[in-house]
Amino acid sequence: MKMSQKPQETALSKCPGCEEPLEPGDLFCGACGYDLSAVPPVPQDHPTIALAAPPEGGAAADPAPEVRSDRRAGSDGTAEPGGSGDFELAAPAPAGAPQAAPASAPDPRTPAAEPVAATPSAGTRVCVACRAGRVDTDGYCENCGHAQPRERDHMEQELGSVAAVSDRGLRHHRNEDAFAVSTTALPDGSPAVVAIVCDGVSSASRPDEASAAAASAANETLLESLPRGTHPQQAMHEAILAAAEAVNALAQEPGRAMEHDRHRHQNAPACTLVGSILANDLLIVGWVGDSRVYWVPDDRANPPARLTEDDSWAAQMVATGLMNEAEAYADERAHAITGWLGADAYDLEPHTASFKPDRSGLVVVCTDGLWNYAESAAEMAAAVPADAHQRPLHGAQVLVGHALDGGGHDNVTVALLPFAVEPQGAGSACGTT
């Protein structure tokens with residue numbers, strides 16, 4: 001069959017130039033800059049549908065809550081700069097035409113001349129691929145054209161007994177998650193450990209900036225309020241409010257309303273947030289959105305638990321008794337969130353809870369990029385390495401690898417906080433809001 005007669009595929013899962021995974025709506029390959037404009041976009045992988053609010057003055061057709069899409073199976077649509085990947089096939093020579101003589105093979109005894117690239121000046125960022133070309137301001141090598149990895153593609157941090165890892169995943173061109181981990185001292189001198197994890201809402205503008213702003217603001221607020229003696233649960237509530245203000249401020253910045261893609265929906269920057277504080281014998285959690293906190297006892301004979309409830313369509317359906325959990329999370333609307341941080345969030349309702357564990361365990365703070373592959377508490381506990389309480393950074397790396405091995409459809413972020421206590425009476429939840 002002639003090349004011109006070959007039926008065109010309706011979708012590409014990999015770049016024809018470098019075989020990197022592609023996302024729906026990609027115009028250029030994020031790895032090599034290959035021009036994909038002639039290729040139809042790949043259908044979204046189980047997209048979450050954002051439900052519109054009912055018309056003003058009218059009743060909704062069903063009791064579905066106001067939601068935003070938090071799934072990022074589709075591309076953000078940003079056209080990355082890069083050279084065209086167009087190419088032409090040489091036409092076959094007419095029958096009977098003289099054939100060109102084949103080129104003589106090079107003499108193997110003669111060393112091949114290597115291309116000489118200009119040596120970048122000292123302090124210039126050098127390409128990770130050819131290690132010779134200078135990287136331009138757009139993040140591409142001026143010598144070989146290779147796209148350079150972004151700083152946030154993979155991040156790791158270990159601070160005492162708390163550690164966090166964040167990864168771009170296998171399907172996205174940027175990491176829209178962010179985290180902050182820190183330690184401080186309470187007024188009595190006892191330590192407090194903090195972990196904040198945020199997940200940018202991809203249907204909004206600048207989700208990566210929203211998550212970074214929220215994580216930083218929440219962490220800074222906790223580092224200021226905990227040493228003053230603010231109760232950890234109240235401090236978490238205040239930290240979530242501070243994070244919301246930081247995300248709201250992004251929508252007010254002049255000249256930042258438009259993104260590179262003129263077709264992108266211009267929603268206000270938005271993200272979800274989940275966090276945990278270990279202080280004295282208390283475990284505090286706080287959240288808005290569908291990122292989660294799990295409790296995994298060191299003694300695996302004891303049951304694990306999920307400590308948060310999602311602000312999502314699926315959770316709403318289960319809470320109202322309209323669906324069971326299996327039915328709700330199988331629905332394509334399951335990951336539509338009903339709570340988030342952002343200027344267009346209707347009612348900000350920070351959730352906080354305080355627990356007093358009676359045994360040692362591990363606190364797992366993560367985005368849905370991880371729990372999509374270990375949804376139940378039992379599945380999460382099975383994925384956590386047995387020595388994670390002793391090696392939290394290694395444990396976080398293993399969990400991120402678990403998500404990548406499962407498909408890596410989303411950005412993946414997880415923080416691990418070991419909680420050590422002497423065995424005593426039954427643990428109890430001190431209060432929730």
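The rules we used
- Residues numbered from 1 in each chain as written.
- Predicted model: local features only at pLDDT ≥ 70, side-chain atom pairs only at ≥ 80, totals over all residues.
- Heavy atoms only, no water.
- Helix = DSSP H or I, 4+ residues; strand = E, 2+ residues; numbered from the N terminus.
- Buried < 20%, exposed > 50% of the residue type's maximum accessible area, 1.4 Å probe, protein only.
- Polar contact = N/O pair within 3.5 Å; in protein donor to acceptor, adjacent residues only side chain to side chain.
- Contact = heavy atoms within 4.5 Å.
- Phe/Tyr/Trp six-rings, centres within 6.5 Å; stacked < 30°, edge-to-face > 60°.
- Pairing = 2+ DSSP bridges.

Asks: Can you help me understand the environment of histidine 146 in this one?
Replies: Looking at the element boundaries, histidine 146 is found in the loop between strand S1 (68–69) and strand S2 (154–159). Of the residues examined, histidine 146 reaches a relative accessible area of 32% and is grouped as partly exposed. Sequence separation between histidine 146 and valine 135 is eleven residues, and the spatial gap between their C-alpha atoms is 8.9 Å.

Asks: Mind showing me how you'd approach the side chain of asparagine 175 here?
Replies: Mapped onto the fold, asparagine 175 is located in the loop between strand S3 (162–167) and strand S4 (177–185). Residue class for asparagine 175 comes out buried when judged on its relative accessible area of 3%. Looking at asparagine 175, its side chain comes within polar contact range of the side chain of serine 166, at 2.8 Å. Only 3.0 Å separates the side chain of asparagine 175 from the backbone nitrogen of aspartate 177, close enough to count as a polar contact. When near neighbours in sequence (up to four residues on either side) are disregarded, asparagine 175 contacts Arg152, Asp153, Met155, Ser166, Asp167, Arg168, Asp208 and Asn411.

Asks: Looking at this structure, I do not really get the packing of aromatic side chains. What am I missing?
Replies: Overall, the coordinates contain two aromatic pairs when judged by the stated rule. On the numbers, 6.1 Å between centres and 75 degrees between planes, the contact of tryptophan 295 with phenylalanine 419 is edge-to-face. Of this pair, tryptophan 295 sits in strand S8 (residues 292–297) while phenylalanine 419 sits in strand S14 (residues 412–419); the two residues are 124 residues apart in sequence, bridging distant segments of the chain. The pair tryptophan 295 / phenylalanine 419 is uniform in exposure class, with both members buried. Pairing tyrosine 329 with tryptophan 371 gives two aromatic rings, centres 6.5 Å apart and planes at 85 degrees, and the pair type is edge-to-face. With tyrosine 329 in helix H4 (residues 325–330) and tryptophan 371 in helix H5 (residues 368–371), this residue pair connects regions lying 42 residues apart in the sequence.

Asks: Just to check I follow, could you spell out the pairing of strand S6 (residues 270–279) for this structure?
Replies: Sheet faces and side chains relate simply in a regular strand, where the side chains alternate between the two faces. Counting buried positions along S6 gives ten out of ten residues, so the element sits mostly inside the fold. In S6, alternate side chains face the same way, and those of Ala270, Thr272, Val274, Ser276 and Leu278 on one face and Cys271, Leu273, Gly275, Ile277 and Ala279 on the other are all buried. As defined by bridge partners, strand S5 (residues 191–200) adjoins S6 across nine bridges and the pair is classed as antiparallel. Among the inter-strand pairings, cysteine 198 is bridged to a residue of S6, identified as leucine 273.

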